[in-house]
Amino acid sequence: MSAAPGLAQQERLLARGETVPWHEGMDLRGWYPLYVERGDALADAAMCWRELGETAFSDAFFVNTLTRQPHEERRVCRTPLAALATPGDCLAPDAFIFHVSRCGSTLLSQLLASLPQCIVMSEPPVIDSLLRLHHDSGDPAASITLLRQAILALGQRRSGEESHFIIKFDCWHIHSLDLLRQAFPGTPCLFVYREPLAVLASHQRQRGPQMVPGMLHPAQLPLPAHQLAPGDIDGYTGLVLASLLNAALPHAAAGQLQLIDYKQLPGILFSDLLARFGIATTATQLQAMRARGGVHAKYGTVYRGDPPVPAADGLAAIAAQLQPGYLALEALRLHGGQANDFHETQL
């Protein structure tokens, strides 16, 4: 099954610009992979790239940086998939950030991206494109190789002072953690989560694509058993959030995820994560990061907290059903190995 029409159209929009023909031996430094163009077979597929020039990846999301690039500077190229192996000076990832969405993961990635020594890629679409290809191609070994090469290509050093590389994935990619760990088995993985009612309310105000039925490849977002009424979008949002909590729990219990609750941000970055990943900062950088921590990560405005949830909108009942999954993660985070009494969330 191919990408849902909405996501496929969004990907094609990223590839608008002057077309540069590819040739064998072409220097792809400064070019970034966007998505896979499918062929009749894996060997016929192509990778679409965009050259970023001097445009820095400092926005909340990868696609925002592409949108910010001036139109006259946009150049695109289509290459064989084998060209993924050619970009030169690349860093291996220091950390993978997984999350449930609307939980502070963008704040975390934005604070790290403010450091000139850090390359931070926030939800680059090429990863989702390659994961969809994995589910459709039936060639797991090739999928892992392509994922590894694409992630390394995203970690290109451009100024020469970059020393650390972090990727924040789309929230549904927690379901692909095993595959991503095969590509980079030694990379530490974080999982950021939040009390369910706040996540549900945020999506009720503005839905993410994963909260709209049919937007994602079904193999990427397996959902718990359910009996939802047609058009129950809040209920569907609850199902998706349950799937994310359920997917994270066994990995956290196995010690494969460092759990971070929303209420620990941004403090845990300064008290733990910078030292954990060996990221040295100056006093000026720390001061700027602390100031940035009070600004809305997505919109750049002063953050004054989320608006209250109306008592009668039904979200509280959905959140109550999700609470056991949230509390299971909290038990693991606070005490370790004490989540055995919690079971998979069902709605």
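Further up the page is the structure itself.
As the structure is a computational prediction, the values presented were derived from the model and not from experiment. (Residues numbered from 1 in each chain as written. Predicted model: local features only at pLDDT ≥ 70, side-chain atom pairs only at ≥ 80, totals over all residues. Heavy atoms only, no water.)

A. Local environment of the packing of helix α9 (residues 267-276) against helix α10 (residues 283-292). One can describe the packing of α9 onto α10 by two numbers: an axis separation of 12 Å at closest approach and a directional angle of 130°. Judged by the inter-axis angle, α9 sits oblique to α10. When you trace α9 past α10, the crossing you get is right-handed. Of the residues in α10, those in contact with L269, F270 and L274 of α9 are L286, M289 and R290. Across the contact of α9 with α10, the residue classes break down as 5 nonpolar, no polar and 1 charged. (Axes fitted to C-alpha atoms, helices over the stretch in contact; angles between N-to-C directions. Helix = DSSP H or I, 4+ residues; strand = E, 2+ residues; numbered from the N terminus. Parallel < 35°, antiparallel > 145°, perpendicular 65-115°, else oblique. Left-handed = near helix turned anticlockwise from the far one by under 90°. Contact = heavy atoms within 4.5 Å. Nonpolar A, V, L, I, M, F, W, Y, C, P; charged D, E, K, R; others polar.)

B. A look at the nonpolar core. Among the nonpolar cores identified, the biggest contains 107 residues, and F98 and F191 are the most heavily contacted of them. With 10 residues, helix α8 (residues 233-253) is the largest single contributor of residues to this core. (Core = buried A, V, L, I, M, F, W, Y, C linked by side-chain atoms within 4.5 Å. Buried < 20%, exposed > 50% of the residue type's maximum accessible area, 1.4 Å probe, protein only.)

C. Representation of the pattern of salt bridges within the structure. The final tally for this structure, using the stated rule, is 14 salt bridges. Of the charged contacts, one joins R68 and D59 as a salt bridge, the two residues approaching to 2.8 Å between their closest N and O atoms. Judged by relative accessible area, which is 41%, R68 ranks as partly exposed. With a relative accessible area of 21%, D59 lands in the partly exposed category. The partner of E330 in a salt bridge is R333, and the shortest N-O contact between them spans 2.8 Å. (Salt bridge = Lys/Arg side-chain N within 4 Å of Asp/Glu carboxyl O.)

D. Seen up close, α9. Taken residue by residue, α9 has I268, L269, F270, L273 and L274 as its buried positions. Two residues or fewer past α9, G278 is found with a positive phi of approximately 65°.

E. Summary view of helix α7 (residues 196-205). For α7, the buried fraction is high: 7 of the 10 residues fall into the buried class. Residues of α7 that are buried: P196, A198, V199, L200, A201, S202 and H203. Residue E195 occupies the N-cap position of α7, its side-chain oxygen lying 3.1 Å from the main-chain nitrogen of L197. (Polar contact = N/O pair within 3.5 Å; in protein donor to acceptor, adjacent residues only side chain to side chain.)

F. Region of the structure containing the environment of C171. Along the polypeptide, C171 turns up in the loop between β7 (164-168) and α6 (177-183). Exposure remark for C171: the relative accessible area of 3% places this residue in the buried category. Considering only alpha carbons, one finds C171 and F191, 20 residues apart in sequence, at a separation of 9.6 Å. When residues no more than four places from it in sequence are discounted, the contact partners of C171 are H99, V100, S101, Q210 and L244.

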